[in-house]
Amino acid sequence: MLMRKVPGFVPASPWGLRLPQKFLFLLFLSGLFTLCFGALFLLPNSSRLKRFFLAPRTQRPGLEAVPEAPGHPPAGAREPPPNPAPAAPAPGQEEPSSLAGPRRRKGWARRTQPPRPREEATAARSGGGSGGRAEAPQEGSPPFSFDFHAFRSRLRHPVLGTRTRGSEEPQSLVQTRREKIKEMMQFAWQSYKRYAMGKNELQPLTKDGYQGNMFGGLGGATVIDSLDTLYLMELKEEFQEAKAWVEENFHLNVSGEASLFEVNIRYIGGLLSAFYLTGEEVFRMKAIKLGEKLLPAFNTPTGIPKGVVNFKSGSNRSWGWTTTGSTSILAEFGSLHLEFLHLSELSGNQVFAEKVRHIRKFLRKIDKPFGLYPNFISPVSGNWIQHHVSVGGLGDSFYEYLIKSWLMSAKTDTEAKDMYYEALTAIETHLVNVSPGGLTYIAEWRGGNLDHKMGHLACFSGGMIALGAEDAEEDKRAHYRELAAQITKTCHESYDRSDTKLGPEAFWFNSGKEAVATQLSESYYILRPEVVESYMYLWRQTHNPIYREWGWEVVMALEKYCRTEAGFAGIQDVYSSFPNHDNKQQTFFLAETLKYLYLLFSEDDMLSLEDWVFNTEAHPLPVNHSDSAGRVGGQL
Ligand code: DMJ
């Protein structure tokens, strides 16, 4: 029956109650409910009823309560993060105080959100729906965040070391030299800023900028490569200029073709380091987004990435100049591991770590001629192409990343360690030679024949072998230290035997010549860092003053031959006392050469090797101290 509404008529409920009575009844019911719920809090902790209704807060995903490792000093016992202070939490990020809530297990990398779902990583891997790119966090979903304060509290040394600042004492020679290197950095930066800000490199002769085509349309390679060096040298104003440029002008919506390797080591490495040094969210977010743009490079039948990725179409290709035009290069696909593990650590997205772990497994499994790793492989068939082996260009940083993966994992990545020492044994057996003049060098191997030459790039190996010496089998440690020292001495000879006291791009041990270039096309020096990089490691290992002396020789030579009115430039012939300049201030001069020189004249606890490993562009990435207590979700 249809009941019509009559004005002023209050209908009775089906139970025969009128409205005021119904209201009183509801009031009574709600009071009763509140009373019962409140009583739950008075129950003993073990009560099932209580556990059912009041789930403990520590059971939120990603915030499990874990005991603090015994013997690990409390966070507060360490120095606070240096200036600039850590960034305020980004929107959606928890306050540091709330992160410190539940007691945590030893380790710096604690998540405040669970990792992104596996399906998302898989979607990114298969390229489904996103051209191979990992999906950005879903709109409205809470962004993943990283516990920067916990990370900083786990460092064993202050980032900038413990040296007294602002001391009244007269400056020592070492301090004066360090200040000189700082001045060179300031000059290099200011010249870049003045003539080329936002472009990838400064052209000091023409006083303008150069964009190039290596970075897929990204700009500011010099800015990104300089961030951590400026920070380290406490060039605060310059650091702020660089940071402001990243915030306001570093756009990722570019659509060109990029080198996977170069974008990774310079941009991602630079951004990751800047984040770990400062805690500024902008660096973390941009590193992750850029990392996602690189993922299509891995869409190959073997999972070995190709060298070039198209940011617009998400397609990939090999460098045209490689054999058959479809070859991947060992040093390129083998120098992603450090950065990609950190991308997973900082994003919660496993896809990055999965990509590089797959490469590692692949290389571990396949046959290696005499235990050596050739420089070229087909990303389609997985077969080596040509048997050219080199610790210099095309091979170099693959070996570097093996030993550094071991160190960055706080010595838990035994696969990397084993592969490194096995490779080093093969290199020593087949490539290391001593010249008639007593110089130790690493030759290049072409299908069984040796080229008795060393590239400037191969000179990083003195530092690498020194770095790895301490974890070798006990009876080999002294030998590796000596090998490192001998190779570094040879590289110094290549500098010392030139008119400029700067080293050539390649030098030979042939026909009575030793440690010198044999043709003009190999006689140039483009501000490369590898020799001073080895001086820095050897200095830290031995404290032999010779390495600082040799480092200072390089500073003097740079000042004399490479400094121009508007920045530093490479030279075309190291054997000429009046060399022509090459009109390029390379980004790695600011990222690496000046940083390693500065560290050479600093205390050992500045960016201590206990806390940091340097990527192949000298960007410091932290060691995962949490791993020493067992993996608890850390990627590294
Ligand atoms: C840098 O970009 C890196 O060190 C890379 O591994 C090799 N070459 C340059 C510097 O020479």
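Residues numbered from 1 in each chain as written. Predicted model: local features only at pLDDT ≥ 70, side-chain atom pairs only at ≥ 80, totals over all residues. Heavy atoms only, no water.

**Q** Would you mind showing me how to read the state of the cysteines here?
**A** Disulfide: a covalent bond formed between the sulfur atoms of two cysteine residues. Scanning all chains against the criterion turns up one disulfide. The side chain of Cys459 participates in a disulfide bridge whose partner is Cys491; the two sulfur atoms lie 2.1 Å from each other. Its torsion about the S-S bond being -90°, the disulfide of Cys459 and Cys491 is classed as left-handed. One end of the pair, Cys459, is in the loop between strand S13 (453-455) and helix H16 (461-469); the other, Cys491, is in helix H17 (residues 474-496), with 32 residues separating them in the sequence. Taken as a pair, Cys459 and Cys491 share a single burial class, namely buried. (Disulfide = S-S within 2.5 Å. Helix = DSSP H or I, 4+ residues; strand = E, 2+ residues; numbered from the N terminus. Buried < 20%, exposed > 50% of the residue type's maximum accessible area, 1.4 Å probe, protein only.)

**Q** What is the right way to look at the site of the ligand in this model?
**A** The environment of the ligand is made up of Ile265, Arg266, Leu457, Arg528, Pro529, Glu530, Phe588, Glu592, Thr616 and Glu617. Here an oxygen atom of the ligand and a side-chain polar atom of Glu592 are 2.9 Å apart. Contact distances for the ligand include 2.7 Å between an oxygen atom and a backbone N or O atom of Thr616. For the ligand, whose free accessible area comes to 300 Å², the fraction covered by protein is 92%. Elements that contribute at least two residues to the shell around the ligand include exactly helix H9 (260-278) and helix H20 (587-600). Residues that form the shell around the ligand fall into these classes: four nonpolar, one polar and five charged. (Near = heavy atom within 4 Å. Polar contact = N/O pair within 3.5 Å; in protein donor to acceptor, adjacent residues only side chain to side chain. Areas by Shrake-Rupley, 256 points an atom, 1.4 Å probe, with all protein chains shown as cover. Nonpolar A, V, L, I, M, F, W, Y, C, P; charged D, E, K, R; others polar.)

**Q** Any chance you could explain unusual backbone geometry here in plain terms?
**A** Glycine aside, negative phi is the norm for most residues, and most peptide bonds take the trans geometry. Phi is positive for Ala515, close to 60°, though the residue is something other than glycine. Within the element layout of this structure, Ala515 appears in strand S15 (residues 513-516). The backbone of Asn583 sits at a positive phi, close to 65°, despite the residue not being glycine. Relative to the helices and strands, Asn583 is located in the loop between strand S17 (567-568) and H20.

**Q** Just checking my understanding: could you explain the confidence of the model for the protein chain for this structure?
**A** Regions with low pLDDT carry predicted coordinates that are not meant to be interpreted in detail. The share of residues in the protein chain with pLDDT of 70 or more is 75%, and the mean pLDDT across the chain is 83. For the stretch residues 1-15, pLDDT sits under 50, and the model shows five contacts to residues farther than four places along the chain or on other chains. Here residues 38-142 is a poorly scored stretch, pLDDT under 50, and it has 174 contacts once near neighbours within four places are set aside; other chains count. (pLDDT = per-residue confidence, 0-100. Contact = heavy atoms within 4.5 Å.)

**Q** So what exactly am I meant to see when it comes to the packing of helix H13 (residues 351-365) against helix H15 (residues 414-430) here?
**A** When two helices pack together, their arrangement is given by the angle between the helix axes and by the axis-to-axis distance. Relative orientation of the contacting elements H13 and H15 amounts to 45°, with a least axis distance of 11 Å. Judged by the angle between their axes, H13 and H15 are oblique. Every pair of crossing elements has a handedness; the one defined by H13 and H15 is left-handed. Two secondary-structure elements touch here, H13 through Arg360, Lys361, Leu363 and Arg364 and H15 through Glu415, Ala416, Asp418, Met419 and Glu422. Taken together, the residues of the contact of H13 with H15 break down into three nonpolar, no polar and six charged. (Axes fitted to C-alpha atoms, helices over the stretch in contact; angles between N-to-C directions. Parallel < 35°, antiparallel > 145°, perpendicular 65-115°, else oblique. Left-handed = near helix turned anticlockwise from the far one by under 90°.)

**Q** Can you help me understand the side chain of Thr278 in this one?
**A** Considering the arrangement of structural elements, one finds Thr278 in helix H9. Of the residues examined, Thr278 reaches a relative accessible area of 1% and is grouped as buried. Polar contacts involving the side chain of Thr278 include one to the main-chain carbonyl oxygen of Ala274, which spans 2.7 Å. In terms of polar contacts, Thr278 uses its side chain to reach the backbone amide nitrogen of Glu280, at 3.1 Å.

**Q** Honestly, the pairing of S15 in this entry has me stumped. Any pointers?
**A** Each regular strand displays side chains that alternate between the two surfaces of the sheet. Where strand S14 (residues 506-510) meets S15, three bridges bridge the pair, whose relative direction is antiparallel. By the bridge assignment for S15, Trp508 is matched with Val516. From the end of S14 to the start of S15, which pair antiparallel, there are two residues, and Ser511 there has a positive phi angle of about 40°. (Pairing = 2+ DSSP bridges.)

**Q** Looking at this model, I keep getting lost on the environment of Tyr575. Mind explaining?
**A** Considering the arrangement of structural elements, one finds Tyr575 in the loop between S17 and H20. Each C-alpha atom, one on Tyr575 and one on Ser498, is 5.0 Å from the other, the two residues being 77 residues apart in sequence. Those residues in contact with Tyr575 that sit more than four places away from it in its chain are Arg497, Ser498, Asp499, Pro504, Val516, Ala517 and Ser523. Separated by 2.9 Å, the side chain of Tyr575 and the backbone nitrogen of Ala517 make a polar contact.

**Q** Which parts of the structure should I look at to understand the side chain of Thr229?
**A** Counting through the fold element by element, Thr229 comes out in helix H7 (residues 221-232). Looking at Thr229, its side chain comes within polar contact range of the side chain of Lys595, at 3.4 Å. Contacts of Thr229, omitting those with residues within four sequence positions, involve Met185, Leu590, Ala591 and Lys595.

**Q** Looking at this structure, I do not really get the packing of aromatic side chains. What am I missing?
**A** One pair of aromatic rings is described through two measures. These are the centre distance and the angle between the planes. Overall, the coordinates contain 33 aromatic pairs when judged by the stated rule. Arranged with centres 5.8 Å apart and planes meeting at 85°, the rings of Phe340 and Phe352 form a pair that is edge-to-face. With Phe340 in helix H12 (residues 337-347) and Phe352 in helix H13, this residue pair connects regions lying 12 residues apart in the sequence. You'll find Phe340 and Phe352 in the same group, each marked buried. When the centroid spacing of 5.9 Å and the interplanar angle of 75° are considered together, the rings of Phe370 and Trp445 count as edge-to-face. (Phe/Tyr/Trp six-rings, centres within 6.5 Å; stacked < 30°, edge-to-face > 60°.)

**Q** Could you clarify how one ought to interpret the pattern of salt bridges in this entry?
**A** Note on pairing: side chains with opposite charge can pair once their charged atoms come close. Summed over all chains, the structure comprises 26 salt bridges. The salt bridge involving Arg177 is made with Glu549; its shortest N-O contact spans 3.4 Å. Here Arg177, found in helix H6 (residues 173-196), pairs with Glu549, found in helix H19 (residues 546-562); they are 372 residues apart in sequence, far enough to count as distant. In this structure, Lys180 engages Glu559 in a salt bridge whose closest nitrogen and oxygen atoms are separated by 2.9 Å. Linking Lys180 in helix H6 with Glu559 in helix H19, this pair joins segments that are 379 residues apart in sequence. Assessed through its relative accessible area of 23%, Lys180 is described here as partly exposed. Where salt bridges share partners, they join Lys180, Glu183, Glu559 and Arg563 into one cluster. (Salt bridge = Lys/Arg side-chain N within 4 Å of Asp/Glu carboxyl O.)

**Q** When you look at a nonpolar patch on the surface in this model, what are you seeing that I'm missing?
**A** Taken together, Leu26, Phe28 and Leu29 make up a surface patch of nonpolar side chains, about 310 Å² in accessible area. The residue Phe28 is located in helix H1 (residues 19-40) in this model. You can call Phe28 exposed: its relative accessible area is 54%. (Patch = residues over 30% accessible without salt bridge, like charges linked within 9 Å, V, L, I, M, F, W, Y side chains within 5 Å.)

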